[in-house]
Amino acid sequence: MLQRIPLPPGAPEALLLLVILVAIASVIMLVRRRRRFARIEADAELPDLKTEQRTLITLRRIFRDPAQGVWLAEGTSGKTGKRRLVLCLTDYEAKRKHYDESVGKVTDFSLFGMATLAAGGAEAMRDQIRDADKITGDAMRLIPAGQYANDYVVIGRIASRREDVVNGIPVMLYRVQVTAADDLTLMLELACDPDVTPALSENSMTHGAARLYGYLPD
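Predicted model only: the values in this text are computed from it and were never measured.

> Any chance you could explain the overall build of the protein here in plain terms?
A count of helical and extended segments in the protein gives 2 helices and 9 strands. When the helices and strands of the protein are placed in sequence order, the string is α-β-β-β-α-β-β-β-β-β-β. For the protein, buried positions account for 40% of its 218 residues. The contacts in the protein between residues at least 6 apart in sequence include a share of 65% that link residues at least 24 apart. Approximately 13,400 Å² of the protein is accessible, and the part contributed by carbon and sulfur atoms is 55%.

Below is the structure:
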């Protein structure tokens, strides 16, 4: 009959630690492998729009949004580096290496948005704004809000407008100033479906919802 051979003192604990370390190493290898072979293409059709509007963003991270099936970039902008921006990258598939090397650096982005706008600024949506009595009629805001991380509420002034085409669909492209502060003045070109957004006048205030996109200018 076989007899049990007692383990030396501390051996069970050492074996348990070894099992835990092996498990942790396996998880790390699996995560690295998933990152290496993660899909770099978007699952959804991305808007193809060329814009001259640019801003400098300190790129903090790039991550895939499974809800949209797209790649997002998160960064900060402005002189104080406190203005957080999240945008969908329309050219990540073609410029992945460039993006990966740009994390932590100040990067020049071309920015635009797909939006639905309406006439009037803060006063037109005063019932939806906290501390509305502290906001003037010509206030400009870019506020994170919506279904996805790159969704924003915009309040701004229309500088100009022009007709354009996005993915074969005619749009009205409004150039809107959405922030006016000492640390950052930001203009965005916002593409709107003319059948949904009534024509808006230049130099008038507007408000609405926008989903931000961007790419690295050539």
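> Sorry if this is basic, but what is going on with the side chain of Thr 55 here?
You can see Thr 55 is positioned in strand E1 (residues 54–65). Among the polar contacts listed, one links the side chain of Thr 55 to the side chain of Ser 77, at a separation of 3.5 Å. Thr 55 has contacts with Ser 77, Thr 107, Asp 108, Phe 109, Leu 111, Leu 184 and Leu 186, leaving out every residue within four places of it along the chain.

> Would you mind showing me how to read the packing of aromatic side chains here?
In this description, a pair of aromatic rings is defined by centroid distance and the angle of the planes. Counted by the stated rule, this structure contains 4 aromatic pairs. An angle of 25 degrees between the planes, with centres 6.2 Å apart, marks the rings of Tyr 99 and Phe 109 as stacked. Separated by 10 residues along the polypeptide, Tyr 99 in helix H2 (residues 96–102) and Phe 109 in strand E4 (residues 106–119) bring together distant segments of the chain. Phe 109 sits in the buried class, given a relative accessible area of 0%. Consider the rings of Phe 112 and Tyr 213, whose centres lie 5.7 Å apart with planes at 15 degrees: the pair is stacked. Placement of the pair is Phe 112 in strand E4 and Tyr 213 in strand E9 (residues 205–215), with a sequence separation of 101 residues. Judged by relative accessible area, which is 0%, Phe 112 ranks as buried.

> How should the pattern of salt bridges be read in this particular structure?
It is possible for side chains bearing opposite charge to pair when their charged atoms get close. For the coordinates displayed, the defined rule picks out 10 salt bridges. For Asp 91, the salt bridge identified is with Lys 95, shortest N-O distance 3.7 Å. A relative accessible area of 23% means that Lys 95 is categorised as partly exposed. Among the salt bridges present, the one from Arg 211 reaches Asp 151, with a minimum N-O distance of 2.6 Å. With Arg 211 in strand E9 and Asp 151 in strand E6 (residues 151–166), this residue pair connects regions lying 60 residues apart in the sequence. The network of salt bridges with common partners includes Arg 61, Glu 74 and Arg 84.

> Just checking my understanding: could you explain unusual backbone geometry for this structure?
Backbone geometry follows two general trends: most residues other than glycine have a negative phi, and most peptide bonds adopt the trans configuration. In this structure, Asn 167 is a non-glycine residue whose phi angle is positive, near 55 degrees. Note that Asn 167 resides in the loop between E6 and strand E7 (169–180). Judged by its relative accessible area of 33%, Asn 167 is partly exposed. The phi dihedral of Asn 203 is positive, around 70 degrees, even though this residue is not glycine. Among the secondary structure elements, Asn 203 is positioned in the loop between strand E8 (185–192) and E9.

> Mind showing me how you'd approach the environment of Arg 84 here?
Among the structural elements, Arg 84 can be located in strand E3 (residues 83–89). Residues Arg 84 and Pro 144, 60 residues apart in the sequence, show an inter-C-alpha distance of 9.1 Å. Those residues within four positions of Arg 84 in sequence are excluded, and the remaining contacts are Glu 74, Gly 75, Thr 76 and Tyr 152. Separated by 3.3 Å, the side chains of Arg 84 and Glu 74 make a polar contact.

> Looking at this structure, how should I read the pairing of strand E5 (residues 141–144)?
Consecutive side chains along a regular strand alternate between the two faces of the sheet. Looking at chain direction, E5 and E6 are connected through 4 bridges and run antiparallel. By the bridge assignment, Leu 142 is partnered in E6 with Val 154.

> Please clarify how the environment of Ile 158 should be interpreted in this entry.
Tracing the backbone shows Ile 158 in strand E6. Looking at Ile 158, the relative accessible area reads 1%, which means it is buried. Separated by 48 residues in sequence, Ile 158 and Thr 206 have C-alpha atoms that sit 7.0 Å apart. If near-sequence neighbours (up to four positions away) are discounted, Ile 158 is found in contact with Tyr 174, Arg 175, Val 176, Leu 200, Ser 201, Glu 202, Asn 203, Ser 204 and Thr 206.

Parameters and conventions
Along each chain, numbering runs from 1 in the same order as the chain's sequence is written. At least 70 in pLDDT is required for a residue's local features to be given in this predicted model, at least 80 for side-chain atom pairs to be given and counted, and no such filter applies to totals for whole chains, interfaces and linings, which use all residues. Note that water and hydrogens are dropped before the side-chain values are worked out from all heavy atoms of the structure. Secondary structure is summarised from DSSP: a helix means a run of H or I of at least four residues, a strand means a run of E of at least two, and numbering begins at the N terminus for each. Remark: exposure states derive from per-residue accessible area (1.4 Å probe, protein chains only) relative to the maximum for the residue type, with buried under 20%, exposed over 50%, and partly exposed in between. The contact rule is simple, with two residues in contact once any of their heavy atoms fall within 4.5 Å. Accessible surface is estimated by sampling points in the Shrake-Rupley manner with a 1.4 Å probe; for residues, cover comes only from the protein chains shown. Two N or O atoms form a polar contact when they lie within 3.5 Å of each other; inside protein one atom must be a possible hydrogen donor and the other a possible acceptor, and for residues adjacent in sequence the pair counts only when both atoms belong to side chains. Stacked, tilted and edge-to-face pairs are distinguished by plane angle, under 30 degrees for stacked and over 60 for edge-to-face with tilted covering the rest, among Phe, Tyr and Trp rings (Trp via its six-membered ring) whose centres lie within 6.5 Å. By salt bridge we mean one thing: a side-chain nitrogen of Lys or Arg within 4 Å of a carboxyl oxygen of Asp or Glu. Here, a strand pair is defined by DSSP locating no fewer than two bridges between the strands.

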